[in-house]
Amino acid sequence: MRSRVGRAMTAAVLGGLLATGCGGGNDEKASSAAGKGDSGDPVTVTDCAGAGTTFAATPKRIVTSNASSLELLLRLGAGDKVVGTGFPPGKGTLPDELDAQARQVKVLSETVIPKEKLLGSGADLYIDTFASMNMGGGMGDAPTEAEFKAAGIQHIFLKSTACAAQSKSPVTDLSAVEEDITSLGAVTGTSARAAELVAGMKKKVDAVHKAVGGTPERKRPTYFFFDYDAGTKQPMAVCNRQVANAVITLAGARNVFADCDGDYKQVGWEDVIAKNPDWIQLAVRDRGSEPANDKAYDEARTWLETNSATKGLKAVEEGRFLRIGSERTTIAGVANADTVEKIAKTLYPGKVG
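All values reported here derive from a predicted model rather than from experimental measurement.

Rules behind the numbers
- Residues numbered from 1 in each chain as written.
- Predicted model: local features only at pLDDT ≥ 70, side-chain atom pairs only at ≥ 80, totals over all residues.
- Heavy atoms only, no water.
- Helix = DSSP H or I, 4+ residues; strand = E, 2+ residues; numbered from the N terminus.
- Buried < 20%, exposed > 50% of the residue type's maximum accessible area, 1.4 Å probe, protein only.
- Pairing = 2+ DSSP bridges.
- Axes fitted to C-alpha atoms, helices over the stretch in contact; angles between N-to-C directions.
- Contact = heavy atoms within 4.5 Å.
- Phe/Tyr/Trp six-rings, centres within 6.5 Å; stacked < 30°, edge-to-face > 60°.
- Disulfide = S-S within 2.5 Å.

Visitor: Explain the environment of Asp180 to me, and be specific about the residues and the numbers.
Guide: Structurally, Asp180 can be placed in helix H7 (residues 175–188). Note on Asp180: relative accessible area 1%, which makes it buried. A sequence separation of 21 residues divides Asp180 from Lys159, and the C-alpha atoms of the two residues are 6.7 Å apart.

Visitor: Explain the sheet that holds strand S4 (residues 62–64) to me, using residue names and the numbers behind them.
Guide: If you walk across this open sheet you meet the four strands as S5-S4-S6-S7, and the pairing is parallel. A single partner strand is all that each edge strand has here, and the edge strands are strand S5 (82–85) and strand S7 (154–157). Averaged over all neighbouring strand pairs, the angle between strand axes comes to 20°, with direction disregarded. Judged from the four bridges that link them, strand S6 (residues 125–128) and S7 form a sheet pairing that is parallel. The partner of Tyr126 across the bridge, within S7, is His155. In the packing of helix H2 (residues 67–76) onto the sheet, contacts are made with S4, S5 and S6, and the angle to S4 comes to roughly 135°.

Visitor: Explain the packing of aromatic side chains to me, using residue names and the numbers behind them.
Guide: Here the structure, examined in full by the defined rule, presents eight aromatic pairs. Taking the centre distance of 5.7 Å and the plane angle of 65° together, the rings of Phe226 and Trp269 count as edge-to-face. With Phe226 in strand S8 (residues 222–227) and Trp269 in helix H10 (residues 269–275), the pair connects residues that are 43 residues apart, well separated along the chain. By relative accessible area, Phe226 is classed as buried at 1%. With a relative accessible area of 9%, Trp269 lands in the buried category. Put simply, the rings of Phe224, Phe226, Tyr228, Phe257, Trp269 and Trp303 touch in pairs and so form one group of aromatic residues.

Visitor: Provide a residue-level description of the state of the cysteines, including the pertinent values.
Guide: Considering all chains together, one arrives at two disulfides under this definition. Here the disulfide map of the protein chain reads 1-2, 3-4, the bonded cysteines being numbered as they appear in the sequence.

Visitor: Can you lay out the environment of Asp47 for me, pointing to particular residues and giving the numbers?
Guide: Mapped onto the elements, Asp47 comes out in the loop between strand S2 (43–46) and strand S3 (52–55). Owing to a relative accessible area of 22%, Asp47 belongs among the partly exposed residues under this scheme. Sequence-wise, Asp47 and Leu158 are 111 residues apart; in three dimensions their C-alpha atoms are separated by 8.7 Å. Aside from chain neighbours lying at most four places away, what touches Asp47 is Phe157 and Lys159.

Given below as structure tokens:
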């Protein structure tokens with residue numbers, strides 16, 4: 001289990017990487033795929049700028065940049081093709097069977113995979129949850145597309161995350177995540193399973209929409225995502241290009257920082273106080289066990305209740321907290337739909353089944 005400081009550092013690196021996402025907008029197909037991978041036909045997927053990558057055959061050796069794309073491949077049943085990952089999921093952060101599979105994947109780096117290690121990994125596909133950029137901070141440079149090609153590695157993006165920061169409009173639904181799942185299914189020959197996962201997500205979100213979607217905007221409770229592990233000195237807000245904004249919106253709430261264009265932004269506690277949210281999500285990163293998670297949630301709540309700047313907030317005074325993990329809210333995946341359901345059940349008791 002990583003220390004809180006280590007997790008905060010990881011969050012900072014991850015946030016910085018995502019903030020430099022590719023160009024392209026939310027109005028584009030987030031992971032468009034052409035072809036019928038399961039039938040053996042070529043499959044073409046596009047990047048953030050619309051450039052296509054064509055797969056004549058199903059990849060056999062895949063490296064993922066972080067836990068998000070790794071988890072999606074495991075859920076698709078393509079985990080046996082993954083030969084390495086960066087930003088690995090913490091032990092116990094995935095459901096039992098998926099967690100066991102994730103533990104078998106070689107960790108190429110606890111953070112960004114160094115360029116030389118990635119190019120020498122023997123992969124034929126690299127799934128990038130981030131965007132191409134100079135990694136900085138002593139981590140080395142990201143490989144160029146020419147270097148990927150020379151190493152025999154095809155390079156695609158998890159676009160719902162990689163392209164989020166510079167989307168042209170706010171993210172208010174999970175279509176980009178669903179399209180990424182569909183695209184990965186086509187590429188890995190698991191389209192049938194991808195369709196099942198997407199259908200399951202839609203079913204949950206549609207049920208919530210039916211129950212609370214008609215609530216007028218002015219009557220929707222306001223909601224603050226408190227990223228405890230990103231640090232308490234200066235809070236990190238999730239803005240309207242982050243998938244968390246879609247999760248919060250679909251659950252029938254109003255993200256108090258939905259007026260912020262981008263994915264993440266550091267704000268001041270005076271900004272949070274001015275918003276005075278109705279509800280606060282105690283968003284801690286998974287510690288690997290329920291007792292450890294509970295301890296972290298308790299710490300986050302205690303901080304808000306004892307800090308002079310936050311103890312007078314309406315949500316704090318009324319004890320309106322949600323104990324929901326950060327990853328399932330901010331990282332694109334199947335769990336986003338589960339979080340929509342959980343938030344809605346808390347904010348609208350008795351309305352959501």
